[in-house]
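Letter by letter, the chains look like this.
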Amino acid sequence: MARKLPKKDVVIIGLGWTGSLLAHELTDAGLDVVAIERGPWRDTSTDFSPTQDPDELRYGIRLDLFLRPAQETFTLRHNTGQNALPIRWPGAFIVGNGVGGAGVHWNGHTWRFLESDFTLKTRLTERYGAAAMPADMQVEDWGVTYSDLEPFYDKFEYISGTSGRAGNIKGQIQPGGNPFEGPRSRGYPLPPLKDTAPTALFAKTANEMGYHAFPRPAGNASEAYVNPLGIAMGPCTYCGFCERFGCGNYSKASPQANVLPVLMRKSNFSVRTESEVLHINKDASGKRATGVTFVDTSGEEWEQPADIVLVCAYGLHNVRMMLLSGIGTPYDPQSGEGTVGRNYAYQSAGAAGLLFEGKRFNPFVGTGSLGQCIDDFNGDNFDHAGLGFFGGASITTSNYHGRPIASSANRAPGTPAWGAAWKKQVSSTYQNASAVAGQGSVYSYRDKYLDLDPVYKDRYGRPLLRMTFDWHDNEKKMTRYIAQKCAEIGKAMGAKHVTPRSIPEHFNVVPYQSTHNTGGAIMGDNPKRSAVNRYLQSWDVHNVFVVGASAFPQNAGYNPTGTVGALALWAAEAIRTQYLKNPGPLVQA
Amino acid sequence: MKRALSLAASVLGLALAGGSTAALADGQDYVTITRGQYLATAGDCVSCHTAPGGKPFAGGRGIMTPFGVIYTPNITPDRETGLGAWSNDDFVAAMQHGVGKDGELLYPALPYPYYTKVTRTDLVAIKAYLDTLDPVRNEAPPNGLPFPLNIRTALMGWNMLFFTPGEFQPVAGKSDEWNRGAYLVEGLGHCGACHTPKNALGGDKGDKVLAGGVLDEWTAPNLGGDLRTGLGAWSTEDIVQYLKTGRNAKSAASGPMAEVVYYSTQHMTDADLKAMATYLKDRAGAPAPVAPQPVAATDPVMQAGLAIYQDNCSACHVSSGEGIARLFPALKGSAVVQADEPETLVRVVVQGTRAAATRAAPTGPGMPAFDWKLSDAQVASLLTYIRNAWGNAAAPVSADTVKKIHGRLTDTAATP
């Protein structure tokens, strides 16, 4: 029997980016907020001290900051005819753990999605006709538009200190920025990061080919910065240890660097770390949540009553929390009915590996998000008529790390993967390797979804989340197209070896690909096709908001965090200005 | 009791402030209590009168002195163990004359040599505020002082030598702001308790007021106008910002000064902070020490220090030693770096520290400890380097000095 704690106004499940942003906004509104976080407390000066060497084995290979499969993992199958098996060591994606969540270990890419991404179904139907789309593709409009979210993108960029160059300010195209982006109300808070040799070469080459190169928007501070909360960031030192590492220089945007110093000072905020929420509780009507039940490290269960429950865990975990708590109707791929688990999507990579000769790229001088990009082949920025696929990718040459173990995987075609010849190659390829890489969209399909596994359970006896996913022809064709474009640019950059790469026949969960899992609790206008409304409020239980990439109806050709941050602030605004005055459904079903 | 008090007063040749105070002693007066709260904050009472993890103002914190540890008393209004049975006169006598309720002489760990300058009206307001706290029953542990210092009458001689009682008298010809600043700096702020060097008996060196001191292996820098070791390069605004936020473009408060900023100065009014800064910038400081010739960059110790600096320090404090405003203190031009006494330098490199996290500067950046990574000799080379690079000039630091200070470090330096 769970012991009952005093009631709070708001309980937040998970204290990463979305949890800390919402906690900040709602405590400012005067609410008493508690966050319950499964992993440990993490703090810049004690956990990521700059006196410690960034140890690639500890953090990069053994994944020190990440969720252990013993805490929770997933099962995977390619289609409904298979039995799913558990993922026993993180592979294709690696999920954060602890305060700060993925905001600790990310690289910092802080993208806005394209205007057309938010109205994708309408856009593709109007431009190409419904008949042109694959029968089982079920892309959706988001229920919010780019212009709805613009003030919140802006707010997130200024809180997190994004470095970049605007391409479109209030409709005026800006030189050197991304001409395809939606209009922004003002420029980035910080100027772009400094280029390194391969990124500068990419930008020059792409522009010569008639494309439109621009610096990747980066959550790595290019200069000292003080954000609107009054929190200072230090300029990035280009140490190259962002991805999979915490930042000790207050330079990489994170809840620790950008929100928690203010949040933790507030008397109306508290956090319980190493406490795992088991489920959300509902009242007898089933239409209202009463709080959550969590378990502490000694195995004791506690009930935390609250008026509002914010589900702010990793996207996949949000979906599982809803399924475990009976919030919303589980999706059934046979009938197409139900909403929770619907429209799971992922990220796809079409790319070209490059190997030069006689270069000295010094890849160890980098930052997580340093890169030059083009958006000429992203989303619906180009005409898909006759191409046989929809979607696209942002295409980038980046300089995001020079980690020795990871870098030693680069080798010229024909070089053995071990022995003296390999060793000889490693030292030369280290200075000569680069890539042109697409961060590609994945659209949603009727047969790709999330539900609870009927066999495998976690340490508390709860079913694991089952993923039913495989690549579809649309994404295979798209990544082949993108890989070809990447290869053309790579050749023009002067690479000696150019190796195009696209997604394989079947999804393989073993090699790392991307941690950008999306969907499963998608937002939308129609309660039959979405789990949450345009304010991320559950259609079924009005005092539950589900915040994260779980709300994406399909995935765009970008990294998700900028949009996740904007959605969190958008939801916070709706709670502050609408829900608190009149608790109930913000959109009538 | 009364007799003992008057005896002590007469022995010291003091005259307690005369006149009835009944009119001022209305303990329920809201204006007086809030003013008292502000003054108690300005005096940073809570910092010393709270044990680590203990209830605020309930005392029991050990104050390290060169003579032994002295535990602070409980100043909540508990009648048995706190100030509950103290009258205003008792409180004023303690603060202005270092005399306890039963006439016993107090150790100057209670900085009454500074508090004596505080007006009776202000002291009564502080008492009125303390009387509103929740009474906490907490008896301070016995002090760890050796004979004969454990005999309180020994303090009579000390007082005769080093204690000049008397409320602050405004200086004619100076502005009200200047005089307010002087009142706060010399009185309630008790800046001299750390920033004025002490003689062998723990008394202020009268010719070196606010010229910089060392306490518990922390260097409290010179607050005089010297460019190299003092506040010469700081504007009035720099000082205000430092006291208000714990940071400015040049420095960051850590250690005992972080406590001062955290508990006290960040809560003070801008007008009071500006008054203190105005006074500090204008007062006639003690003559500055003559700058030594900097150690040559070609010196092997400097070469070694440079290499250690580039590998370990430059990511935050940057190659030019200029740091990053509000996060990483500048070492170039720093008074602490160039102080004659390297205690703070050794401490923060060996043990690490953390800057105060304040309302206006909520990130408390950490300086990591290097004791596991650098030998005493390497620390010495590094310190010699930063004391003599970028135009800095200060005496080199020997490995032996590092070793001695390192050995004396206690773990009591937690930043709030």
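Predicted model only: the values in this text are computed from it and were never measured.

**Focus on the pattern of salt bridges**
Any two side chains of opposite charge can pair, so long as their charged atoms come close to each other.
Then step 1. All chains considered together, the criterion is met by 48 salt bridges over all chains.
Then step 2. The partner of K404(B) in a salt bridge is D400(B), and the shortest N-O contact between them spans 3.3 Å. Residue K404(B) and its partner D400(B) are located together in helix α18 (residues 399-408), separated by 4 residues, close to a single helical turn.
Then step 3. If you follow the salt bridges from partner to partner, you end up with R38(A), E72(A), E276(A), R320(A), D458(A), R459(A) and R462(A) in one network.

**A look at the sheet that holds strand β17 (residues 371-374) of chain A**
Residues and elements named next belong to chain A.
Then step 1. Strand order in the open sheet formed by 6 strands is β8-β17-β18-β19-β16-β22, and the pairing between neighbours is antiparallel. At either end of the open sheet lies a strand with only one pairing partner, and these are β8 (214-215) and β22 (497-501).
Then step 2. Of the strand pairs in this sheet, strand β16 (residues 351-355) and strand β19 (residues 433-440) are connected by 5 bridges, and their pairing is antiparallel. What sits directly across from L355, in β19, is A433.
Then step 3. Against the sheet, helix α12 (residues 419-432) touches β16 and β19, its axis set at about 60 degrees to β19.

**Here we look at the domain arrangement of chain B**
All names here are of chain B.
Then step 1. By the assigned domains, chain B splits into domain 1 (2-162), domain 2 (176-282) and domain 3 (300-408).
Then step 2. Look at where the C-alpha atoms of domain 2 and domain 3 centre, and you get two points 21 Å apart.
Then step 3. In total, domain 2 and domain 3 occlude about 2,300 Å² of area from one another, counting both sides; carbon and sulfur atoms represent 52% of this.
Then step 4. By the criterion of area lost to domain 3, the three top residues of domain 2 are E217, R228 and R247, representing 33% of everything that side buries.
Then step 5. Our enumeration of links across domain 2 and domain 3 arrives at 2 salt bridges.
Then step 6. Here R347 and D216 are joined by a salt bridge, their closest N and O atoms 4.0 Å apart.
Then step 7. The interface formed by domain 2 and domain 3 contains 15 residue pairs in polar contact (both at pLDDT 80 or more).
Then step 8. Those elements giving two or more residues to the side of domain 2 that touches domain 3 turn out to be β4 (218-220) and α11 (256-264).
Then step 9. Among the elements that take part in the side of domain 2 that touches domain 3, α11 stands out by supplying 3 residues, more than any other.
Then step 10. Tallied by class, the residues present in the side of domain 2 that touches domain 3 amount to 9 nonpolar, 10 polar and 5 charged.

**Some points on α11(B)**
Then step 1. All of the buried residues along α11(B) are A258(B), E259(B), V261(B) and S264(B).
Then step 2. Structurally, α11(B) contributes buried residues whose contacts are with α2 (30-42), α3 (45-48) and α10 (236-245) of chain B.

**Re the nonpolar core**
Then step 1. Among the nonpolar cores identified, the biggest contains 107 residues, and F93(A), I280(A), V309(A), L310(A), L316(A), V544(A) and L567(A) are the most heavily contacted of them.
Then step 2. The element contributing the most residues to this core is helix α14 (residues 561-579) of chain A, with 11 residues.
Then step 3. In contact with L310(A), other than residues within four places in its own chain, are V10(A), V11(A), I12(A), I13(A), L22(A), L26(A), F545(A) and I575(A).
Then step 4. Y129(B), W178(B), A182(B) and L223(B) belong to the second largest nonpolar core, which has 49 residues in total.

**Side note on the pairing of strand β4 (residues 74-77) of chain A**
Residues and elements named next belong to chain A.
Then step 1. Burial along β4 is two-sided: F74 and L76 facing one way and T75 and R77 facing the other are all buried.
Then step 2. As judged from the 4 bridges shared by β4 and strand β21 (residues 463-468), these two strands associate in the parallel manner. Bridge pairing in β21 links L76 to M467.
Then step 3. Here 2 bridges tie β4 to strand β5 (residues 85-86), and the two strands are oriented antiparallel to one another. Among the inter-strand pairings, T75 is bridged to a residue of β5, identified as P86.

**What about the interface of chain B and chain A?**
Then step 1. Facing the 22 residues of chain B at the interface are 19 residues of chain A.
Then step 2. Roughly 1,500 Å² is buried in total at the junction of chain B and chain A, and carbon and sulfur atoms are behind 60% of that figure.
Then step 3. Where chain B touches chain A, the interface holds 1 salt bridge.
Then step 4. One salt bridge in this structure joins D43(A) and R354(B), with 3.2 Å as the shortest N-O distance.
Then step 5. Applying the counting criterion to the chain B and chain A interface returns 7 residue pairs in polar contact (both at pLDDT 80 or more).
Then step 6. Class assignment for the residues of the side of chain B that touches chain A results in 13 nonpolar, 5 polar and 4 charged.

**Digging into the sheet that holds β4(A)**
Sheet strands pair via backbone hydrogen bonds, and the direction of the pair is either parallel or antiparallel.
All names here are of chain A.
Then step 1. Across the sheet, 4 strands lie side by side as β5-β4-β21-β20; this open sheet has mixed pairing. A strand with exactly one partner marks an edge of an open sheet, and here the two such strands are β5 and β20 (449-457).
Then step 2. Relative to β21, β20 runs antiparallel, the two being bridged by 5 bridges. Among the inter-strand pairings, L450 is bridged to a residue of β21, identified as M467.

Conventions adopted
- Along each chain, numbering runs from 1 in the same order as the chain's sequence is written.
- Just so you know, chain letters begin at A and ligand numbers begin at 1, following the order they were written in.
- Since the coordinates come from a predicted model, pLDDT governs what is reported: local features require at least 70, and pairs of side-chain atoms require 80 or more to be given and counted, while whole-chain, interface and lining totals use all residues.
- The side-chain quantities take in all heavy atoms of the structure and omit both hydrogens and water.
- Salt bridges are defined by distance alone: a side-chain nitrogen of Lys or Arg within 4 Å of a carboxyl oxygen of Asp or Glu.
- Each helix is a run of H or I in the DSSP string that is no shorter than four residues. Each strand is a run of E no shorter than two, and both are numbered from the N terminus.
- Two strands pair under a simple rule: DSSP has to find at least two bridges between them.
- Note on definitions: a residue-residue contact is assigned when non-hydrogen atoms from the two residues lie within 4.5 Å.
- Angular values range over 0 to 180 degrees, each being the angle between N-to-C directions of two axes fitted as lines to C-alpha atoms, with helices fitted over their stretch in contact.
- Per the annotation, domain bounds derive from an automatic or database assignment of domains.
- Summed over both partners, the accessible area lost on bringing two parts together, with a 1.4 Å probe, is the buried area.
- Definition of a polar contact: a pair of N or O atoms within 3.5 Å, with one able to donate and the other able to accept a hydrogen when the atoms are protein atoms, and with sequence-neighbouring residues admitted only if both atoms are side-chain atoms.
- Residue type decides the class: Asp, Glu, Lys and Arg count as charged, Ala, Val, Leu, Ile, Met, Phe, Trp, Tyr, Cys and Pro as nonpolar, and the leftover types, Gly among them, as polar.
- For every residue, the accessible area obtained with a 1.4 Å probe (protein chains only) is divided by the maximum for its type, and the residue is called buried under 20%, exposed over 50%, and partly exposed between those limits.
- Throughout this description, the term nonpolar core refers to a set of buried Ala, Val, Leu, Ile, Met, Phe, Trp, Tyr and Cys residues connected via side-chain atoms within 4.5 Å.

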